[in-house]
Amino acid sequence: MQERDPLAEQWNGKRLGVEGVKKELGFDMAFNGSEFMNLNIDFTSFDKVSFFDFNNDVRDKRGDADLFDLIRSFKIKAEYPADYSATKQQLYTRIQSTDVENSANVAQTLGRYLNYDAKLKEDELLSGFMNAKDDAIRSEIKQKVSLKLKANNLDSSMISEIMSTLRETKTEEEMVLLKKAVEISAVGQVEVMKAMHPNMSETEIQGVHEYVYKKYGAEYEGYPSIVGGGNNGCILHYIENNKTQVGNDLVLMDLGAEYHGYTADVTRTIPANGKFSPEQKQIYDIVYDAQEAGIKASTVGAPFQAPGSASSEVIAEGLMKLGIIKEAKEARTYFPHGTSHYLGLDVHDKGTYGPFQANTVITVEPGIYIPEGSDCDKKWWGIAVRIEDDILITDNGPVNLSAGAPRTTEAIEAVMKQPSPLDDFVLPNLD
Ligand SMILES: [Mn+2]
């Protein structure tokens, strides 16, 4: 813990301190940073020391027991090797646990890592295993790898596996918070549908969503808000949001409130002028059908890829029918991302990627993006549609937690006709 310090707290806010942490967060044991620095603990005497490997992104600040110093102190106490790498360690573990039948396969898998990471490639054991000519050489290297693994008790993968299992399925208490984050985000979409006007700017639209979040007490946005009019919607992580008028374009809005640590992730795509053009509607309806298929496939026991396969099939078929592509495999050009990720404490939450279990929350978010200049009829250019909902997988089938925000073109157009309190919100002219 950061030590209590009245002066520092006056400037930068309250610190819990050792007693506060025990009382308010329920920890049995807590130390001030300086105490941990001096703590006489022999990490090498444990079977395993489990930790997330460190990113080199912590700066050494003024104090002599800040996070930077604590990491350094831990590394010394745990005899953390200077050339330690979590990926290397994982690959060693994979080599160690492989049997003869699979060893050639594992060697092939190594290539995928080593060819993208020069540092890993320098490792003689890894390179040796990858390039080994036969099983005999591989089993020789395997023995050396085992010795190397025994050389220390550091384990940077176990915690990650535990967290993946814990975070994939949600407890009842977590669901209360996550549902609230999703419902807040859905209301944001509805309020923006009512307020939307061709004269609005992307950043102003973003502001309306985020105001709704704050009004409900959501502390943050779960991730940088994406509001893209027309062609801007084709940029998957468009966060500039700096077009000054959305005009008659479709506006793609991918935003989520973060409420007490839990994050929603909801996308709606709506016509700024309140009415889908025939071309916009044709593309939209394909994405809608793809999403319906994806949601339907999100059932207990189904493989993680099930919604993605279901959605991709509908999109490929739809694009072929409209003559935008000729073969199903070209669909990737206009739908270049995955359909689902876990959702929870993180917008891309951790999980095992095994078959779906009850009480898991995933997104289902197919899209079609046709940038200007694409190899198809010009009338489709600049159309970008993504529809994203947050789906709770249960024993009784998928439940759409973000259903509060309309999804069909008819329902969206109907809500856009409703008045908005922002219609009368006029600020003084500053010219
Ligand atoms: Mn998402």
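Everything numeric in this text was worked out from a predicted model, so none of it was measured.

Draft legend 1. Representation of the overall build of the protein in the model. Helix and strand content of the protein: 16 helices and 13 strands. C-alpha extents for the protein along the principal axes are approximately 70 × 65 × 45 Å. Counting the 431 residues in the protein, one finds 47% classified as buried. A sequence separation of at least 24 residues applies to 68% of the contacts in the protein between residues at least 6 apart. With the model as given, the accessible surface of the protein reaches about 23,600 Å², and the carbon-plus-sulfur share is 52%. Each charge sign in the protein was given a centre, from 45 positive and 67 negative side chains, and these centres are 2 Å apart.

Draft legend 2. A look at a nonpolar patch on the surface. Where nonpolar side chains cluster on the molecular surface, the patch consists of Leu 422, Phe 425 and Leu 427 and spans about 330 Å² of accessible area. For Leu 427, the location among the structural elements is in the segment after helix H16 (409–416). For Leu 427, a relative accessible area of 60% puts it in the exposed group.

Draft legend 3. Layout of the layout of surface pockets. Considered as a void within the structure, the largest pocket measures approximately 520 Å³ in volume. Taken together, 19 residues make up the lining of the largest pocket; nearest its centre are Gln 2, Arg 15, Gly 63, Ala 65 and Asp 66. Listing elements by their share of the lining of the largest pocket, those giving two or more residues are helix H3 (33–38) and helix H4 (67–77). Per element, the largest residue contribution to the lining of the largest pocket is three residues, and it comes from H4. Looking at the lining of the largest pocket residue by residue, the class counts come to seven nonpolar, four polar and eight charged.

Draft legend 4. Highlighting the domain arrangement of the protein. Each domain of the protein was delimited in the assignment, giving domain 1 (86–155) and domain 2 (170–424). One C-alpha centre belongs to domain 1, the other to domain 2; they are set 41 Å apart.

Draft legend 5. Summary view of the nonpolar core. Ranked by size, the top nonpolar core spans 57 residues in total, and within it Met 196, Ile 205, Met 253, Ile 324 and Ile 368 carry the most contacts. Element by element, the count of residues in this core is highest for helix H11 (residues 172–195), at eight residues. Counting residues in hydrophobic clusters, the runner-up holds 15 residues, among them Tyr 92, Leu 110, Leu 114 and Leu 126.

Draft legend 6. Structural detail: the pattern of salt bridges. Under the definition given, this model contains 21 salt bridges. The salt bridge involving Lys 170 is made with Asp 349; its shortest N-O contact spans 3.1 Å. Here the residue Lys 170 occupies a position in the loop between helix H10 (158–168) and H11, and Asp 349 occupies one in the loop between helix H15 (331–334) and strand E9 (360–364), the gap between them amounting to 179 residues. For Asp 349, a relative accessible area of 3% translates into the label buried.

Draft legend 7. The arrangement of the coordination of the manganese ion in detail. Protein coordination at the manganese ion: the donors are Asp 265 (OD), His 341 (NE2), Glu 365 (OE) and Glu 388 (OE), at 2.0 to 2.3 Å from the metal. In primary-sequence terms, the residues that donate to the manganese ion follow D-x75-H-x23-E-x22-E. Linking His 341 in the loop between H15 and E9 with Glu 365 in the loop between E9 and strand E10 (367–370), this pair joins segments that are 24 residues apart in sequence.

Draft legend 8. Fine view of the side chain of Arg 15. Note on placement: Arg 15 falls in the loop between helix H1 (6–12) and helix H2 (17–25). Despite being buried, Arg 15 has no salt bridge partner; Asp 5 is the closest side chain of opposite charge, sitting 4.6 Å away. In terms of polar contacts, Arg 15 uses its side chain to reach the backbone carbonyl oxygen of Glu 3, at 2.8 Å. In this structure, Arg 15 is in contact with Gln 2, Glu 3, Arg 4, Asp 5, Ala 8 and Glu 9, ignoring residues within four places of it in sequence.

Cut-offs applied
- Residues numbered from 1 in each chain as written.
- Predicted model: local features only at pLDDT ≥ 70, side-chain atom pairs only at ≥ 80, totals over all residues.
- Heavy atoms only, no water.
- Helix = DSSP H or I, 4+ residues; strand = E, 2+ residues; numbered from the N terminus.
- Buried < 20%, exposed > 50% of the residue type's maximum accessible area, 1.4 Å probe, protein only.
- Contact = heavy atoms within 4.5 Å.
- Areas by Shrake-Rupley, 256 points an atom, 1.4 Å probe, with all protein chains shown as cover.
- Lys, Arg positive; Asp, Glu negative; His and termini not counted.
- Charge placed at Lys NZ, Arg CZ, Asp CG, Glu CD.
- Patch = residues over 30% accessible without salt bridge, like charges linked within 9 Å, V, L, I, M, F, W, Y side chains within 5 Å.
- Salt bridge = Lys/Arg side-chain N within 4 Å of Asp/Glu carboxyl O.
- 1 Å grid on protein atoms, 1.4 Å probe; cavity = no way out; pocket = protein on both sides within 12 Å on 5 of 7 lines; lining within 4 Å.
- Points joined across faces, edges and corners; volume = space filled by probe spheres on them.
- Nonpolar A, V, L, I, M, F, W, Y, C, P; charged D, E, K, R; others polar.
- Domains from an automatic or database assignment.
- Core = buried A, V, L, I, M, F, W, Y, C linked by side-chain atoms within 4.5 Å.
- Donors = N, O, S within 2.8 Å, 3.2 Å for Na, K, Ca; no water.
- Polar contact = N/O pair within 3.5 Å; in protein donor to acceptor, adjacent residues only side chain to side chain.

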